[in-house]
Amino acid sequence: MAKTDIGPPNYRNFMPPIIQKNYGKWKYHENPKPGVLKHVAESGDELFSVRAGSPRLMSTDHIREICDIAEKFCGGYLRFTSRHNVEFLLSDRSKVEPLLAELKSKKYLVGGTGHSITSIVHTQGWVHCHTPATDASGPVKAVMDELHGYFTSMTLPSQVRIALACCLNMCGAVHCSDIAILGIHRTVPKPDHNRVPNVCEIPTTVASCPTGAIRPDPKNKSVTINEEKCMYCGNCYTVCPALPLADPDNDGISIWVGGKVSNARSAPKFSKLAIPFLPNNPPRWPETVAAVKNIVETYAKHARKHERMGEWIERVGWERFFRLTGIEFTDKHIDDFTLAPDTYRTTTQFKWG
């Protein structure tokens, strides 16, 4: 492959030799203990992956420490998963247990494989994003402080993927996770007519609205917003900072359940609304932590082996899901968006229980 200075370097150049040698020729894999994966190639070569929990936002000191561990035990080879775990890649079986001991001595949690909760994938939150309705790292830390026992074990019916997005523009994976924590705005953007002509392009601002709620206001050289059509996504603020929608009293968190990307056993699913609103209560977000823990523990108690969250809910019925979890069903659960008929349940087969 020709070498250029355009784009990222070829990822194959950074693979461990054992992966380069056996690329596309893996025979099977095993999960001998929480946080340890064993891949066996057709050639008989064995690759051990040791997975440890890691935050998304890391200091340079922390990165250096991870690199030092990788240099010591696996020739410097490691990778980060899409859900912010760090995996150390070893071809020498004798170094697995010493590596686990080293990680334990440095207080790294090893786990996130098999029937467990893996690290929560999340967005930027208050530390960086311009449209957040809640923080990202804060709620994630609080939730995993409560649920880390499910990370270091494999006692759940199946894997549970949790995601957090600090607004519904969603640079996270809340649309397809078993449990999703989603920050929501509940206030319509307020145009600053003095600033809009100076900092915004009217055509771009109008085009940014996915529901057509924004229209030009030639009289004020600004825009108007149809409150009935607004879905509080904040996309307009991205292109026009004179349309702020952040509201410390009305912004909060919603909880969604039942999504998945996997094709195994059943087709991929979108997450669906479980709890319409929880307040922002930093620094520990007790209401959000309690809600997520309740859903996880109810699922753990009632689901069958290998059954994902959405599969369990569809088997027992949404009516019973709300009863088992004690979550109140409200009018906010009824989709009233313009295209909502496409998502309505049209069968008469309700499952009351």
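Student: What should I look at first to understand the state of the cysteines in this one?
Tutor: As used here, a disulfide is simply a covalent bond connecting the sulfur atoms of two cysteines. In this structure the tally under the stated criterion is one disulfide. Note on cysteine connectivity: Cys200 is disulfide-linked to Cys240, with sulfurs 2.0 Å apart. Between Cys200 and Cys240, the S-S dihedral sits near 80 degrees, and the bridge is therefore right-handed. Taken together, the residues span a long stretch of sequence, with Cys200 in the loop between helix H5 (196-199) and helix H6 (202-207) and Cys240 in the loop between helix H7 (235-239) and strand S11 (252-257) at a distance of 40 residues. Of the two residues examined, Cys200 and Cys240, each falls in the buried class. The closest cysteine sulfur to the non-disulfide-bonded Cys166 is located on Cys129, 4.5 Å from its own sulfur. You can call Cys166 buried: its relative accessible area is 2%.

Student: Looking at this structure, I do not really get helix H2 (residues 60-74). What am I missing?
Tutor: Count 3.6 residues to each turn of an α-helix, and residues three or four apart come out pointing the same way. Counted at 1.5 Å a residue, the expected span for H2 with its 15 residues is 21 Å, and the 20 Å between its end C-alpha atoms agrees. When H2 is considered as a whole, its buried residues turn out to be His62, Ile66, Ile69, Ala70, Phe73 and Cys74. Looking down the long axis of H2, one finds its buried residues gathered within 100 degrees of arc, a one-sided arrangement. Exposed residues on H2 whose side chains face more than 90 degrees from its buried face are Thr60, Asp61, Arg64, Asp68, Glu71 and Lys72. Of the surrounding secondary structure, the elements contacted by the buried residues of H2 are strand S4 (78-80), strand S5 (86-90) and helix H3 (96-105). Looking one or two residues past H2, Gly75 carries a phi angle of roughly 65 degrees, positive in sign.

Student: Help me out: how do you make sense of the pattern of salt bridges in this one?
Tutor: Side chains bearing opposite charge may pair, as long as their charged atoms lie close to each other. Scanning the model with the defined rule gives 17 salt bridges in all. Taking the shortest distance from any N to any O, the salt bridge between Arg308 and Asp178 comes out at 2.8 Å. Taken as a pair, Arg308 in the loop between helix H8 (286-302) and helix H9 (309-316) and Asp178 in the loop between strand S7 (162-165) and strand S8 (179-184) lie far apart in primary sequence, 130 residues in all. Like Asp178, Arg308 is buried. Between Asp331 and Lys332 there is a salt bridge, with its nearest N and O atoms 3.6 Å apart. By relative accessible area, which is 54% here, Lys332 ends up exposed. Among the ionic contacts, a cluster of salt bridges with common partners joins Glu30, Lys38, Glu46 and Arg93.

Student: What's the story with the environment of Pro241 in this structure? I'm lost.
Tutor: Along the polypeptide, Pro241 turns up in the loop between H7 and S11. The exposure class assigned to Pro241 is partly exposed, which follows from its relative accessible area of 34%. Note: C-alpha distance between Pro241 and Arg195 (46 residues apart in sequence) is 8.7 Å. Among residues more than four places away in sequence, those in contact with Pro241 are Arg195, Val199 and Cys200.

Rules and cut-offs
- Residues numbered from 1 in each chain as written.
- Predicted model: local features only at pLDDT ≥ 70, side-chain atom pairs only at ≥ 80, totals over all residues.
- Heavy atoms only, no water.
- Disulfide = S-S within 2.5 Å.
- Helix = DSSP H or I, 4+ residues; strand = E, 2+ residues; numbered from the N terminus.
- Buried < 20%, exposed > 50% of the residue type's maximum accessible area, 1.4 Å probe, protein only.
- Expected span 1.5 Å × (residues − 1).
- Arc of directions from axis to C-beta.
- Contact = heavy atoms within 4.5 Å.
- Salt bridge = Lys/Arg side-chain N within 4 Å of Asp/Glu carboxyl O.

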